[in-house]
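The chain contents come next:
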Amino acid sequence: AQEHMRSVLPLTPQVYAQLDDVALSFLDQIVFRYSKLQDTLGDKVFPLLLLATGEEVKRKTFLDILNRLEELELVDRMMWLQLREARNEVTHDYSSEVGETVDAINAIIVASDTLQKLYSTIRHFCNHRIFVFDKEEQPPLSLPTSSAAIAGKGVILGDIISPIISEDEWECLQ
């Protein structure tokens, strides 16, 4: 979505006022994806990451989890809170003031790079510190094949975050 909007970013109130429905839907996707990634990281990935390292998280507050991730040098607590503030500004912004809306969207776009770097840092940590395999034990890489009729026509838009513990251990299902 950001790629499609690159020519008008950063937004100005004048440009925002002239956007068509398609461009506005791309902005909506940028905000939605940012919010979803941040919610998923904070609500699911951060606690699961500590569980995977053998730590108890059941009785920890989110700030306790965040502080522990900072100790592990995975997350800067103040940076996370700023990313959260940017999310809250745009998702809870009911302002009729176009300038405030544009500022909030621009903040999300800038913050999305930081959020993506954080996600990459966490993936790297998981791949190198949690899921360590000997060369003989490493699961084989098997790539799916596709029909010649659709080969090369798909676009990978992101990654699917899946739980690292079995459903039997999900507190919400018990």
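This one's a predicted model, so the numbers in the text were calculated from it and none came from an experiment.

Caption draft 1: Just a nonpolar patch on the surface, in detail. A surface patch of nonpolar side chains, amounting to about 330 Å² of accessible area, comprises Phe 62, Leu 63, Met 78 and Leu 81. Judged by its relative accessible area of 32%, Phe 62 falls in the partly exposed class.

Caption draft 2: Representation of the pattern of salt bridges in the model. Applying the stated criterion across every chain, the model contains six salt bridges. One salt bridge connects Asp 39 with Arg 84, and the closest N-O pair in it is separated by 2.9 Å. Of this pair, Asp 39 sits in helix 3 (residues 21–52) while Arg 84 sits in helix 5 (residues 77–91), and the two are 45 residues apart along the sequence. Measuring nitrogen to oxygen at the nearest pair gives 3.0 Å for the salt bridge that ties Arg 68 to Glu 71. Taken together, the residues Arg 68 and Glu 71, both in helix 4 (residues 62–71) and three residues apart, mark about one turn of the helix. For Arg 68, a relative accessible area of 23% corresponds to the partly exposed category. Within the structure, one salt-bridge network assembled from shared partners comprises Glu 55, Lys 60, Arg 68 and Glu 71.

Caption draft 3: Representation of the packing of helix 3 against helix 6 (residues 98–130). The contact between helix 3 and helix 6 brings their axes to 10 Å, and the two run at 30°. As far as their axial angle goes, helix 6 and helix 3 are roughly parallel. Crossing of helix 3 against helix 6: the hand is left-handed. Facing Leu 27, Ile 30, Val 31, Tyr 34, Leu 37, Gln 38, Leu 41, Val 45, Phe 46, Leu 49 and Ala 52 of helix 3, the residues of helix 6 in contact are Ile 105, Ile 108, Ile 109, Ala 111, Ser 112, Leu 115, Leu 118, Tyr 119, Ile 122, Phe 125, Cys 126 and Ile 130. Looking at the contact of helix 3 with helix 6, its residues break down into 21 nonpolar, two polar and no charged.

Caption draft 4: Local environment of the side chain of Asn 106. On the secondary structure map, Asn 106 appears in helix 6. The residues contacting Asn 106, other than those within four sequence positions of it, are Pro 10 and Leu 11.

Caption draft 5: Expanded view of unusual backbone geometry. You will see that Glu 73, though not glycine, has its phi angle at about 60°, which is positive. Locating Glu 73 in the fold gives a position in the loop between helix 4 and helix 5. For Glu 73, a relative accessible area of 71% translates into the label exposed.

Caption draft 6: Just helix 3, in detail. With 32 residues, helix 3 extends 43 Å between its outermost C-alpha atoms, agreeing within 8% with the 46 Å of an ideal straight helix rising 1.5 Å per residue. At Leu 41, helix 3 is bent by approximately 40°, the largest bend along its length.

Caption draft 7: Spotlight on the confidence of the model for the chain. Across the chain, the average pLDDT comes to 77, with 70% of residues at or above 70. Element-level mean pLDDT values for the chain span from 68 in helix 1 (residues 2–5) up to 91 in helix 4.

Caption draft 8: Representation of the nonpolar core. Counting residues in each nonpolar core, the largest one holds 35 residues, and the members touching the most others are Leu 41, Phe 46, Leu 69, Val 75, Trp 80, Leu 118 and Ile 122. Contributions of two or more residues to this core are made by helix 3, helix 4, helix 5 and helix 6. With twelve residues, helix 6 is the largest single contributor of residues to this core. If sequence neighbours within four positions are ignored, Ile 122 has contacts with Leu 41, Val 45, Phe 46 and Leu 49.

Rules used throughout
The written sequence of each chain sets the order in which its residues are numbered from 1. For a predicted model such as this one, the threshold for reporting local features is a pLDDT of at least 70, and the threshold for listing and counting side-chain atom pairs is 80 or more; totals across whole chains, interfaces and linings nevertheless cover every residue. With hydrogens and water set aside, each side-chain value is computed from the structure's full complement of heavy atoms. Patch membership requires over 30% relative accessible area and the absence of a salt bridge. Like charges are linked within 9 Å, and nonpolar side chains (Val, Leu, Ile, Met, Phe, Trp, Tyr) within 5 Å. Here the Shrake-Rupley method, with its probe set to 1.4 Å, supplies the accessible areas, and only the displayed protein chains count as covering residues. Take a side-chain nitrogen of Lys or Arg and a carboxyl oxygen of Asp or Glu: if they are within 4 Å of each other, that pair is a salt bridge. Exposure is judged per residue with a 1.4 Å probe applied to protein chains only, and the accessible area is read against the type maximum: over 50% gives exposed, under 20% gives buried, and values in between give partly exposed. Numbered from the N terminus, helices here are DSSP runs of H or I no shorter than four residues, and strands are runs of E no shorter than two. All axes here are fitted lines through C-alpha atoms, helices being fitted over the stretch that makes contact, and every angle between N-to-C directions spans 0 to 180 degrees. Each angle receives one of four descriptions, namely roughly parallel if under 35 degrees, roughly antiparallel if over 145, roughly perpendicular if within 65 to 115, and oblique otherwise. A clockwise turn of the near helix away from the far one marks a right-handed crossing, whereas an anticlockwise turn of less than a right angle marks a left-handed crossing. Here, two residues are considered to be in contact whenever any of their heavy atoms come within 4.5 Å of each other. Each residue is assigned to one of three groups, with Ala, Val, Leu, Ile, Met, Phe, Trp, Tyr, Cys and Pro labelled nonpolar, Asp, Glu, Lys and Arg labelled charged, and all others, Gly among them, labelled polar. To estimate how far a helix should reach, multiply one less than its number of residues by 1.5 Å. Bend at a residue means the angle formed by two fitted axes: the first through the 7 residues ending at that position, the second through the 7 residues beginning there. For every residue, the predictor states its confidence as a pLDDT score lying anywhere from 0 to 100. Take the buried Ala, Val, Leu, Ile, Met, Phe, Trp, Tyr and Cys residues and link them wherever side-chain atoms come within 4.5 Å; each set so joined is a nonpolar core.

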